Each structure stands twice: as structure tokens, then as C-alpha cells.
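Okay, here's what each chain looks like letter by letter:
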Amino acid sequence: MIIILKQNPATKQLESLKEWIRQMGLDIHVSEGTHATILGLVGDTSVVDIDLIGAMEIVDKVQRIQEPYKAANRKFHPDDTIISFDALSGSPAKVGGGNFVMIAGPCSVESRPQIMEIAEKVKESGAGALRGGAFKPRTSPYAFQGMEAEGIKLLLEAKKQTGLPIVTEIMDMSQMHHFDDVDVIQVGARNMQNFLMLKELGKTKKPILLKRGFSSTIQELLMSAEYILSGGNPNVILCERGIRTIETATRNTLDLSAIPVIKEHSHLPVIVDPSHATGHAKYVPSMSLAAVAAGADGLMIEVHNNPSMALCDGQQSITPEAFDRLAKSVHTIRTGMEQAGR
Ligand code: PEP
Ligand code: MN
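Just so you know, these numbers come straight off a predicted model, no measurement behind them.

Participant: How would you sum up the packing of helix α4 (residues 112-124) against helix α5 (residues 149-162)? Please name residues and give values.
Facilitator: Contact pair α4 / α5: the axes reach a minimum separation of 9 Å and the direction vectors enclose 35 degrees. α5 is crossed by α4, and the crossing has right-handed handedness. Two secondary-structure elements touch here, α4 through Arg112, Ile115, Met116, Ala119, Glu120 and Lys123 and α5 through Leu154, Leu155, Glu157, Ala158, Gln161 and Thr162.

Participant: Let's hear about the side chain of Asn73: which residues, and what values?
Facilitator: Topologically, Asn73 is positioned in the loop between β4 (59-63) and β5 (83-84). The buried category is assigned to Asn73, whose relative accessible area is 2%.

Participant: Quick rundown of the packing of aromatic side chains? Include the residues and the values.
Facilitator: The full count for this structure, using the stated rule, is 2 aromatic pairs. Consider the rings of Phe135 and Phe179, whose centres lie 6.1 Å apart with planes at 25 degrees: the pair is stacked. Linking Phe135 in the loop between β8 (129-131) and α5 with Phe179 in the loop between β9 (166-170) and β10 (184-187), this pair joins segments that are 44 residues apart in sequence. For the residue pair Phe135 and Phe179, the accessibility class agrees, reading buried in each case.

Participant: Can you explain the side chain of Lys136? Please cite residues and give values.
Facilitator: Structurally, the position occupied by Lys136 is in the loop between β8 and α5. As a buried residue without a salt bridge, Lys136 has its nearest oppositely charged side chain in Glu169, at a separation of 4.9 Å. Here Cys107 takes part through its backbone oxygen, which lies 3.5 Å from a polar atom of the side chain of Lys136. If we skip the residues at most four places from it in the chain, Lys136 touches Cys107, Ser108, Arg131, Phe144, Gln145, Gly146, Met171 and Cys312.

Participant: How would you explain the site of ligand 1 if you had to name every residue and give the values?
Facilitator: Around ligand 1 sit Arg131, Lys136, Glu169, Gln186, Gly188, Ala189, Arg190, Lys211, Arg241, His276 and Glu302, and those are all the residues in its vicinity. At 2.9 Å from an oxygen atom of ligand 1 is found a side-chain nitrogen or oxygen belonging to Arg190. Contact distances for ligand 1 include 2.9 Å between an oxygen atom and a side-chain N or O atom of Lys211. The fraction of the free accessible surface of ligand 1 (300 Å²) that becomes covered by protein chains is 97%.

Participant: Account for the nonpolar core, naming residues and giving values.
Facilitator: Membership of the largest hydrophobic core comes to 63 residues, with the highest contact counts inside it found for Val122, Leu130, Leu210, Leu238, Leu299 and Phe323. If we skip the residues at most four places from it in the chain, Phe323 touches Met102, Ala104, Val122, Ser125, Ala127, Ile301, Val303 and Ile318. With 15 residues, the next largest nonpolar core counts Met1, Ile21, Leu26 and Leu41 among its residues.

Participant: Give me the sheet that holds β4: which residues, what numbers.
Facilitator: Read across the sheet, 4 strands follow the order β2-β3-β1-β4 without closing on themselves; strand pairing throughout is antiparallel. With partners counted over all chains shown, the strands left at the sheet margins are β2 (27-32) and β4, one partner each. Taken over all neighbouring pairs, the strand axes of this sheet differ in orientation by 20 degrees on average, direction set aside. Bridge count between strand β1 (residues 2-5) and β4: 4 bridges; the pairing is antiparallel. Within β4, the position partnered with Leu5 by the bridge is Val59. Packing against the sheet, helix α1 (residues 11-23) makes contact with β1, β2, β3 (37-42) and β4, and its axis sits at approximately 15 degrees to β3.

Participant: Can you tell me about the pattern of salt bridges, naming the residues and giving the values?
Facilitator: Within this structure, the stated rule accounts for 17 salt bridges. Taking the shortest distance from any N to any O, the salt bridge between Glu117 and Lys121 comes out at 3.0 Å. Placement of the pair is Glu117 and Lys121 together in helix α4, with a separation of 4 residues, close to one helical turn. The network of salt bridges with shared partners includes Glu117, Lys121 and Glu321.

Participant: Tell me about α5, and name the residues and values.
Facilitator: For α5, with 14 residues, the first-to-last C-alpha span of 20 Å sits near the 20 Å given by 1.5 Å per residue. Where α5 is concerned, the buried positions are Gly151, Ile152, Leu154, Leu155, Ala158, Lys159 and Thr162. The buried residues of α5 all sit within an arc of 160 degrees when viewed along its axis, so they share a single face. Seen from the buried face of α5, the exposed residues on the opposite side, beyond 90 degrees, are Lys153 and Lys160. Note on α5: the residue one or two positions beyond its end, Gly163, has a positive phi of about 80 degrees.

Rules of the game
- Residues numbered from 1 in each chain as written.
- Chains lettered and ligands numbered in written order.
- Predicted model: local features only at pLDDT ≥ 70, side-chain atom pairs only at ≥ 80, totals over all residues.
- Heavy atoms only, no water.
- Axes fitted to C-alpha atoms, helices over the stretch in contact; angles between N-to-C directions.
- Helix = DSSP H or I, 4+ residues; strand = E, 2+ residues; numbered from the N terminus.
- Left-handed = near helix turned anticlockwise from the far one by under 90°.
- Contact = heavy atoms within 4.5 Å.
- Buried < 20%, exposed > 50% of the residue type's maximum accessible area, 1.4 Å probe, protein only.
- Phe/Tyr/Trp six-rings, centres within 6.5 Å; stacked < 30°, edge-to-face > 60°.
- Lys, Arg positive; Asp, Glu negative; His and termini not counted.
- Salt bridge = Lys/Arg side-chain N within 4 Å of Asp/Glu carboxyl O.
- Polar contact = N/O pair within 3.5 Å; in protein donor to acceptor, adjacent residues only side chain to side chain.
- Near = heavy atom within 4 Å.
- Areas by Shrake-Rupley, 256 points an atom, 1.4 Å probe, with all protein chains shown as cover.
- Core = buried A, V, L, I, M, F, W, Y, C linked by side-chain atoms within 4.5 Å.
- Pairing = 2+ DSSP bridges.
- Expected span 1.5 Å × (residues − 1).
- Arc of directions from axis to C-beta.

Following this line, the structure appears as C-alpha cells:
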């Protein structure tokens, strides 16, 4: 980080700024030019409040050279993080470092027959994990809110029957006692910046699937991951699920460039959710393949056995048959990429 000072800064203020920086455990490299004095801060600047320094009377500008996240930063952890889903299920599914996973299932668990049938079918097609919402964050309080605890029980039954690890969303830490046997805890887009919850999830060791907020930057996503990682939980999977733009033809705009950008700056696995990104079942296959080609470590896809009757997100859910075809195309693309050394 560099701090550019205004001309002729008051000595007293400059000395107290330097003292404050040193108290944060940082060294200072001073370079005095004819027009300006620049302070170069050396050390871990992730603890420094850039806005606070920028607001000081003697400061002209502050610039970060290093990213404000450390645990999520590839500079400090060059190897890809690999996350296994095996702790509770014994499943071989892994994500990151060349391991690819398909997470599939309905937006919401609706009934025993529904989740059992979908679980069996997506497993046959090669899914590595089953998704299904039990606690649902809905825009309208009048919409179906999920089966809650009963939904988690049904997911656990489906896991027992198929061996697939389960992924389901937590909306509040008061629900945590329902998640003891859940393999991967999802933090939804709307909760990406629920910092108190992220801190609590940092105290567990369970894999956390952290979805990007629809109005959040990539850096903000990485800072949210940092909350979980710095709390002591290294198992964070990032998920690009589309962001809000001026475009209305799709529910969100899938930011595929997030994949290479995150991979450059972070070692964490990145998966893509083309269902919430596009909002239309017909666009899901093409965007899934594009995500694979762009280097995603996995996909999370909404699959429903009867999309037109789904209680939530039916319009963007593909059928188990369409998922089967998609899984084959994903395999073809991945094989081609491997042969091309990508
Ligand atoms: C979901 O995965 O069902 C969901 C609600 O997604 P998001 O948080 O990305 O909107
Ligand atoms: Mn959904």
C-alpha cells in the first residue's frame, strides 16, 4: 500500500500517522520527492482501513498494491485448494485442482417421491452431489418458503438411498442444528455479506458453498470467503450465479469472466450455477458448457422431474433427461480440454 501525502504535511500529524502505522506491525519506506512525499507500507496491509487513512488531512491519496484478502489469496497459497465431500458420506466427490463436480437437484425439496426420484436420476447421470433447498430465501413472503427441517430429513433419506452428499442452504445460524449431517452448507447470494453468519461458519470445518451476491464484485466475494477462511475453515467453494446488469432477457447476467479472474487471484475452487444466472431452462446447457470451457471446477444445476409443477424456479429447471444429455456433453468438452492440455 502506498500513501501519497499532500505538500508540506504538518510534522505532528505525519509523526502520529507513522506511529499508528508502526503500531499495526508494518514498516514504512519513505520517499521524498520534490512535489510529494510517499509512504510505502511494508507487511500485511490487510488490516489497514484504507478509507480512514484517505480521510486524513495530510493525505492526498492511498493506493492498495496488494489485495485486502490474505487467506483466499493465491500469492500466499499457490496450489489450488481441493475440497472433498467425503467427511460424512464417504463420497469420492471432490472439487478444485482438476477435480470437477456436478451438483444437481431441485430448487426446493417438495416431497419424498420428488426428491427420491430426482436423486436417483441425477446420480445415474453422474452427479457428484445432490442439491435441494429446505430453507428458501424467497422475494415474496407469500411464496413457498421451503419444507424446512422436514426438507433436510428428506435430503438425508435421499443421501442414504443414493450415497450422494447433500448441499443445502442455511439462512440463519439459528438453523445450524439441522445441518449436522449436511455435507455442504450453501450460503445464498442474498446472504453473501451476512458477516456474522460467515464468522460462525468459519468455526466449523464443513465445506461452505458461497454464492456471489447479485450486486457484489469479485473482490467482495473474496472478502466474504476471507471471513470464513480467517475463522479457521479452509473449505470454501465459490459460486458464480449471475449478477444484475441492464439486461432483462435473462434473470441475471452470467459473469463467466469471474472464473479466470478468481482463479488468477485465489486458490479456491469456483463453480458456476447457470440456472439462477439465466433463469431459463433452455439456456442452461449452453451456459454450462461455456462455464466448463472457461475453467469452472464444477456446475450446480437445478433439475426437476416436473418443472411446470415445481413450487420454486420451475422455469429454469431442466428435466433429468436434459441433465443426462448435458452431463454427456460436459464430459465430451472436458475430455477435449484434457487432450488439448487445458
Ligand atoms: C438457490 O441456489 O436455490 C438460490 C436461492 O440461489 P441464489 O442464492 O444464488 O439466488
Ligand atoms: Mn432456485
